[in-house]
Amino acid sequence: MVKFSKELEAQLIPEWKDAFVNYWQLKKHIKKIKLSKMQQKQHQHHRDFNHNNGVFGLSICDPVRFLASKFSRDNEAENIIQVKRKVMEEGDDHEVYETELAQLFSEEDEVRAFFERLDRELNKVNQFYRTKESEFLERGEILNKQLQILLELKQILIDRRRKPSGGIIPRSWTPCPRNSDISDGQGGAALSGDGTAAATETDDVIAALERNGVSFINAASSWAKTKKGKPKVAMRIDIPAETPARTISAVTSMLWEDLVNNPKKESGTGNFINRKKIQCAEKMIRGAFVELYRGLGLLKTYSSLNMVAFAKILKKFDKVSNQKASASYLQVVKRSHFISSDKVVRLMDEVESIFTKHFANNDRKKAMKFLRPQQQKESHMVTFFVGLFTGCFVSLFCVYAILAHLSGIFSANTEAAYMETVYPVFSVFALLCLHLFMYGCNLFMWKSTRINYNFIFEFSPNTALKYRDAFLLCTTFMTAVVAAMVVHLLLRASGFSPSKIDAIPGILLLISICLLICPFDIFYRPTRYCFLRIIRNIICSPFYKVLMVDFFMADQLTSQIPLLRHLESTACYFLAGSFKTHHYDTCKNGRLYRELAYVISFLPYYWRAMQCARRWFDEYDTNHLANMGKYVSAMVAAGARLTYTRQSNYLWFGIVLVTSVVATIYQLYWDFVKDWGFLNPNSRNPWLRDDLILRNKSIYYISIALNVVLRIAWVETVMRFHVTTVQWRMLDFFMASLEVIRRGHWNFYRLENEHLSNVGKFRAVKAVPLPFREMDSD
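Residues numbered from 1 in each chain as written. Predicted model: local features only at pLDDT ≥ 70, side-chain atom pairs only at ≥ 80, totals over all residues. Heavy atoms only, no water.

Moving on: the overall build of the protein chain. Along its length, the protein chain carries 29 helices and eight strands. When the 778 residues of the protein chain are sorted by exposure, 44% land in the buried category. Long-range pairs, those at least 24 residues apart, make up 74% of the contacts in the protein chain with a sequence separation of at least 6. A total accessible area of about 41,800 Å² is found for the protein chain, and carbon and sulfur atoms account for 60% of it. (Helix = DSSP H or I, 4+ residues; strand = E, 2+ residues; numbered from the N terminus. Buried < 20%, exposed > 50% of the residue type's maximum accessible area, 1.4 Å probe, protein only. Contact = heavy atoms within 4.5 Å. Areas by Shrake-Rupley, 256 points an atom, 1.4 Å probe, with all protein chains shown as cover.)

In structure tokens, the structure reads:
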């Protein structure tokens, strides 16, 4: 039977862990009471022995005394403790509980300490529950107002289609004054009505919107008049600039307001109220309702788990103290706010009915798919295939090593051709599979340490990749790659033309690309399409709103520059037709190829720098500009090292040394201080941070040292080793693999720090921006 402490740790909400009952600390108090009771028994036994001078005996009255004492304890069980409820000065809603011992215990100090701690835990749970409940209730009211505004605007669109020439419909969005939220929205809107015949109906529309919390500028009886004497009202819709079109629109609108410097100037052409804007607003409100429902479900789970924890710990106290104090205290717990309040349940029912009616066409089953997504059960078949493909990979790799030795492909005559043509393609797959393996290890560690990576990355729980799936992808790809390498060697040894068999790596690459973009729901389609969407956001990073998963993936790309270089040489080799002529120097000596090497070396850092610039534009946090400087320095160092490989002189050696040292110090500082949260001299964990997930602190110090060593691996590029082509290629692959391993090692601590930040702020529900907002007056 699983102990409740482990069950509680497995089921509690990680971000709210500090707000739960500290069951483990209460168990320590129970142990102290038990030890004190044992000591009391030993002293009592020793006193009885001395009193009777070692003579033992029983009396015929002992059973009567035993029954009398038991009957007396049963009658006085309810009077052992008295729990008092005190109302604080803030109001009737703020209450605390205090327990007083109505009966003396032999271990009175330990019992009093236990109940004092129990009262603190009960007050903590009550206060947290009340705070979160009020937040969700307030959020629910806001969402109801937003929904009513949305329904009114949808009705306006319907009326516009029915009466295209009528004047009762607010027609155009006119530019609004610039405000501090311009980066979060696309622009403001002014609802303007035409025609005097429809004034009454316009008043009805405005009055309906005002009832739902929208304040119009100069509305009601004293409307502002345009030059033609027409009434003008204003309301703002904020659609986040998450796409290139919305971002460009927001930037141009901001620049236009700065250039014209007259936000009140009338504009004849405005952004029209259209279906697309209403659909975006509806999607935002729908997502907000889903997150509200999820938060209410978490709060309900919080209440039930804490109730069970109180019941379990009081049962342990009764067992240890041989008293029956749990019944009276549990009655108090049941009457406390976090159990007696039914506001959360009623709000959940209300959200279900609203969502079913307005977002699921009265289809409750469809609504529940959004509100309560079912997580896929882990299949043992995945584990089986992971083991199967791992065995196949090891066997095929051994076969490849034997065939390579027998065929002599690494001899002086054939090493250059083989390493220049076949090696780049297979190394791409090898580095990719190594990165997948490290990601699988990250997923395993995050799950083991209760780091909520799905919430941090905003992944859907029912389609998110699990660590077994990552290992399956890794082993499947590596088995296919090594099998292709074995086939390539067998055909080469059989005397086939090199121009034919060298197409095998290209075919494997083509099959992989087709599988990546395959539209059929096979081979983890949600994960594949999520990956493509993230890559699109990275490539267009200045124009897409940057999410956590976007810059996390961009950081992975900065560690895969050798992979991108190999893709460049592979693409040139096959597109130029060099595999037919077997002249691999065609691409290597080309000017365009050599210049593209700089572009590819810069691109991952450039994308990451543009993400930092976009985050600064959205959040106005100068830390993002400092982070952008880190990637600019890395870009300069990468360019200097690439130039040094082509122009080996003392000048470029000095430039490489200076730029690389500066970039490395910059990166190490950001790794330890910003990304990992370490090097805090005032921390209770020396030079780490206050909160750590791993219990063994030495692991963190070893990780710091390992990260330093792997960060300075660039020293190999400036040292001139006299090696052959095969040895140089193997060394290059080894250094690239070390960087991938360093990135996988970095990933765990980066997400640990992010998770602890969420825990410190009790942030377990995503904050979804809402579309409708009041506008400042002119």
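What follows continues from the structure just given.
With that settled, consider unusual backbone geometry. If you check the backbone angles, Arg450 has positive phi at about 60° while not being a glycine. With phi around 50°, Phe762 is a residue other than glycine that occupies positive phi space. By secondary structure assignment, the location of Phe762 is in the loop between α29 (725-760) and β8 (772-773).

What follows concerns α29. The end-to-end C-alpha separation of α29 is 53 Å, in line with the 52 Å expected for 36 residues at 1.5 Å each. In the segment just after α29, Phe762 is the residue with positive phi, at about 50°. (Expected span 1.5 Å × (residues − 1).)

In this model helix α19 (residues 525-539) runs 21 Å from its N-terminal to its C-terminal C-alpha over 15 residues, within 8% of the 21 Å that 1.5 Å per residue would give. Turning to α19, its buried residues are Arg528, Cys530, Ile534, Asn537 and Ile538. If you follow the buried residues of α19, they end up packed against α18 (503-516), α20 (548-558) and α24 (591-619).

Two aromatic rings, taken as a pair, are described by how far apart their centres are and by the angle between their planes. With the rule as written, the count across this model stands at 38 aromatic pairs. Ring geometry for Tyr467 versus Phe471: centroids 6.2 Å apart, planes at 80°, classification edge-to-face. Note that Tyr467 and Phe471 are positioned in helix α16 (residues 467-493) at a spacing of four residues, about one turn of the helix. Overall, the relative accessible area of 14% leaves Tyr467 in the buried class. In this structure, Lys674 is placed above the aromatic ring of Trp670, and the distance from its NZ or CZ to the ring centre is 5.8 Å. Positioned above the aromatic ring of Trp746, the side-chain terminus of Arg743 is 4.6 Å from the ring centre. (Phe/Tyr/Trp six-rings, centres within 6.5 Å; stacked < 30°, edge-to-face > 60°. Lys NZ or Arg CZ within 6 Å of the ring centre and 35° of its normal.)

Together, Lys3, Lys6, Lys28, Lys31, Lys32, Lys34, Lys312, Lys315, Lys316 and Lys319 give the surface a local cluster of positive charge. Tracing the chain through its elements places Lys316 in helix α7 (residues 275-321). (Patch = residues over 30% accessible without salt bridge, like charges linked within 9 Å, V, L, I, M, F, W, Y side chains within 5 Å. Salt bridge = Lys/Arg side-chain N within 4 Å of Asp/Glu carboxyl O. Lys, Arg positive; Asp, Glu negative; His and termini not counted. Charge placed at Lys NZ, Arg CZ, Asp CG, Glu CD.)

Where nonpolar side chains cluster on the molecular surface, the patch consists of Ile712, Val715, Met719, Phe721, Val723 and Trp728 and spans about 520 Å² of accessible area. Of note, Trp728 is situated in helix α29.

Turning our attention to the packing of helix α12 (residues 380-407) against α16. For any two helices packed against each other, the geometry comes down to the angle between their axes and how far apart the axes lie. The contact between α12 and α16 brings their axes to 8 Å, and the two run at 25°. On the basis of the axis angle, α12 is roughly parallel to α16. Seen along the crossing, α12 lies across α16 with a hand that is left-handed. (Axes fitted to C-alpha atoms, helices over the stretch in contact; angles between N-to-C directions. Parallel < 35°, antiparallel > 145°, perpendicular 65-115°, else oblique. Left-handed = near helix turned anticlockwise from the far one by under 90°.)

Evaluated as defined, the whole model comprises 22 salt bridges. With a closest N to O distance of 3.4 Å, Glu752 and Arg689 form a salt bridge. With a gap of 63 residues between them, Glu752 in helix α29 and Arg689 in the loop between α26 (650-675) and α27 (698-711) connect regions that are remote in the sequence. Taken as a pair, Glu752 and Arg689 share a single burial class, namely buried. For Arg742, the salt bridge identified is with Glu739, shortest N-O distance 3.0 Å. Note that Arg742 and Glu739 are positioned in helix α29 at a spacing of three residues, about one turn of the helix. One salt-bridge network, held together by shared partners, links Asp671, Arg711, Glu739 and Arg742.

All right, on to the confidence of the model for the protein chain then. Confidence along the protein chain averages 81 in pLDDT terms, with 76% of residues attaining 70 or more. Scored below 50 in pLDDT, residues 165-199 makes 111 contacts in the model with residues more than four places away or belonging to other chains. Low pLDDT, under 50, characterises residues 215-233; the predicted model gives this stretch 41 contacts beyond four residues in sequence or across chains. (pLDDT = per-residue confidence, 0-100.)

Bringing the nonpolar core into the picture now. Judged by nonpolar contacts, the single largest core of 76 residues is most densely connected at Trp16, Phe114, Phe115, Leu118, Phe289 and Tyr302. Of all the elements in the fold, those that place two or more residues in this core are α1 (4-11), α2 (23-51), α4 (108-162), α7, α8 (326-335), α10 (343-359) and α11 (364-371). Setting aside anything within four residues of it in sequence, one finds Phe289 in contact with Leu143, Asn144, Leu147, Val351, Ile354, Phe355, Phe359 and Leu371. Within the second largest apolar cluster, 64 residues are counted, among which are Ile456, Phe552, Ala554 and Leu751. (Core = buried A, V, L, I, M, F, W, Y, C linked by side-chain atoms within 4.5 Å.)

So, on to the side chain of His435. Here His435 is to be found in helix α14 (residues 423-448). What makes His435 buried here is its relative accessible area of 12%. For His435, the side chain forms a polar contact with the side chain of Gln560, separated by 2.8 Å. The contacts of His435, once residues within four sequence positions are left out, are Gln556, Gln560, Val740 and Arg743. (Polar contact = N/O pair within 3.5 Å; in protein donor to acceptor, adjacent residues only side chain to side chain.)

Moving on, we get to the environment of Ile600. Residue position: Ile600 is located in helix α24. Here Ile600 falls in the buried class, since its relative accessible area comes to 14%. Sequence separation between Ile600 and Leu567 is 33 residues; the distance between their C-alpha atoms is 9.9 Å. In contact with Ile600, not counting residues within four places along its chain, are Ile561, Leu564, Arg565 and Glu568.

Next up on the list: the environment of Phe355. Inspection of the secondary structure puts Phe355 in helix α10. Take Phe355: its relative accessible area is 0%, and that puts it in the buried class. Excluding its chain neighbours within four sequence positions, the residues that come into contact with Phe355 are Arg286, Phe289, Val290, Ala360, Ala367, Phe370 and Leu371.

This part covers the side chain of Ser5. Following the sequence through the fold, Ser5 ends up in helix α1. Apart from the residues within four sequence positions on either side, Ser5 is in contact with Tyr23, Trp24 and Lys27.

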